[in-house]
Amino acid sequence: YEPLKPMVYTGLYPADGEDYLALREALEKLRLNDPALTFQPESSVALGSGFRCGFLGLLHMDVVQERLEREYDLSLLATSPSVSYRVVLTDGKVEDVENPSKLPPAQRIEEIQEPWLDLSVVTPAGYIGAIMDLVTSRRGQYKRMEYLQQDGASNTDGAFGSGRVLLEYRVPLSEVLVDFYDQLKARSQGYASMDYSVSGYESGNLVRLDILVNAEPVDAFSVIVYRDGA
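Draft legend 1. Broad picture of the nonpolar core. Counting 30 residues, the largest nonpolar core has Val87, Leu103, Ile112, Val121 and Ile131 as the members making the most contacts within it. Only strand E5 (85-89), strand E7 (109-124), helix H3 (128-137), strand E9 (164-172) and helix H4 (180-187) provide two or more residues apiece to this core. Counting residues in each nonpolar core, the second largest holds 15 residues, with Leu23, Ala26, Leu30 and Phe55 among its members.

Draft legend 2. A nonpolar patch on the surface, seen in detail. On the surface, Tyr142, Met145 and Tyr147 cluster together into a nonpolar patch covering about 340 Å² of accessible area. Along the chain, Tyr147 falls in strand E8 (residues 141-148).

Draft legend 3. Quick look at the pairing of strand E3 (residues 48-55). Most of E3 sits inside the fold, with 6 of its 8 residues counted as buried. Taken together, the 5 bridges between strand E1 (residues 8-14) and E3 define a ladder with antiparallel strand orientation. Within the sheet, the bridge partner assigned to Tyr9 lies in E3 and is Gly54. Two elements, strand E2 (residues 38-44) and E3, share 7 bridges in a ladder whose sense is antiparallel. Directly across from Pro41, in E3, lies its bridge partner Phe51. In sequence, E2 turns back onto E3 through a hairpin of 3 residues.

Draft legend 4. Expanded view of the sheet that holds E1. Within the open sheet, the 4 strands sit side by side as E2-E3-E1-E4. Their pairing is antiparallel. Looking at which strands have only one partner, the edges of the open sheet turn out to be E2 and strand E4 (76-78). The sheet shows a mean angle of 30° between the axes of neighbouring strands, direction not considered. Of the strand pairs in this sheet, E1 and E4 are connected by 3 bridges, and their pairing is antiparallel. Along E4, the bridge assignment pairs Tyr13 with Leu77. Each of E1, E2, E3 and E4 touches helix H1 (residues 20-32); the most contacted strand, E3, lies at about 15° to it.

Draft legend 5. Local environment of the packing of aromatic side chains. Scanning the model with the defined rule gives 4 aromatic pairs in all. With a centroid separation of 4.9 Å and 5° between ring planes, the pair formed by Tyr20 and Phe51 is classed as stacked. Of the two residues, Tyr20 is situated in helix H1 and Phe51 in strand E3; the sequence distance between them amounts to 31 residues. Exposure remark for Phe51: the relative accessible area of 1% places this residue in the buried category. Residues Tyr127 and Tyr191 carry aromatic rings whose centres are separated by 6.4 Å and whose planes lie at 20° to one another, so their mutual orientation is stacked. Pair noted here: Tyr127 is in the loop between E7 and H3 and Tyr191 is in the loop between H4 and strand E10 (193-204), with a separation of 64 residues, a long-range link. On the basis of relative accessible area, Tyr191 is assigned to the partly exposed category, the value being 39%. Here a set of aromatic residues connected by ring pairs shows up, and it is made of Tyr20, Phe39 and Phe51. Positioned over the ring face of Tyr201 is Arg86, at 4.0 Å from the centre of the ring.

Definitions and limits used
Residue positions within a chain follow its written sequence, with the count starting from 1. Where local features are concerned, this predicted model is filtered to residues with pLDDT of at least 70; where side-chain atom pairs are given and counted, the filter is 80 or more; whole-chain, interface and lining totals use all residues. Side-chain figures throughout are based on the complete set of non-hydrogen atoms in the structure, without hydrogens or water. In plain words, nonpolar cores are sets of buried Ala, Val, Leu, Ile, Met, Phe, Trp, Tyr and Cys residues tied together by side-chain atoms within 4.5 Å. Residue exposure (1.4 Å probe, protein chains only): buried if accessible area is under 20% of the type maximum, exposed if over 50%, otherwise partly exposed. What counts as a helix is a DSSP run of H or I of at least four residues, what counts as a strand is a run of E of at least two, and both are numbered from the N terminus. Each patch is assembled from residues with relative accessible area greater than 30% and no salt bridge, linking like charges that lie within 9 Å and nonpolar side chains (Val, Leu, Ile, Met, Phe, Trp, Tyr) that lie within 5 Å. For the area figures, the Shrake-Rupley method with a 1.4 Å probe applies, and any residue is considered shielded solely by the protein chains shown. Whenever Lys or Arg places a side-chain nitrogen within 4 Å of a carboxyl oxygen from Asp or Glu, that contact is recorded as a salt bridge. Pairing between two strands requires that DSSP report at least two bridges joining them. Angular values range over 0 to 180 degrees, each being the angle between N-to-C directions of two axes fitted as lines to C-alpha atoms, with helices fitted over their stretch in contact. Whether two residues touch is decided by their heavy atoms; if any such pair falls within 4.5 Å, the residues are in contact. Aromatic pairs are defined between Phe, Tyr and Trp rings, using the six-membered ring for Trp, whenever the two ring centres lie within 6.5 Å; interplanar angles under 30 degrees are classed as stacked, those over 60 as edge-to-face, and all others as tilted. Charge-over-ring contacts are defined here by two conditions on Lys NZ or Arg CZ: a distance within 6 Å of the ring centre and an angle within 35 degrees of the ring normal.

Structural data, given as structure tokens:
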């Protein structure tokens, strides 16, 4: 048996530095029944000592964080979720980077590869335009559209009158991490649903975006983004 590999990574830090050992013990206990959860120690100049944790997705991350706070009475600080990037260096070596602040210097990087998804969205036909606009704004690449048969469809309201539609796209995993699902539900009045699978890594025009506070970079705020959106 091989546990599923995490797709989403975030840094978890105790709000009170004295709770570091308690956080480590809590994570070890949760991992006993959750082999998909991974963690390793990391240190941040801004947030102190904590752990870089890997999850299967955002829901998994939310559940684990909620359990840590409720069951173990921990107050936590979490960094922005990110994905694992594959970095090809100029000397031919390949590194997996899960923490944006650990990205090698630009002069050593040949290319940065990011994970992509095969995304399927099922929606009432009345919301096709809004959903296509959402996916396109997240660097989605259109694959196909199929009208699905709706059993007993006789009404003609805006939500269901034209039946359901299946939209298939390819989209970077990083683009659907933060608020994509919420936006999908908002633009379809809650009717659209989605499913996805990881299709592999592809090279992208990516850079690390650093946030400066008082002219000093704060490592906890660093993110890897598409260059045009930096």
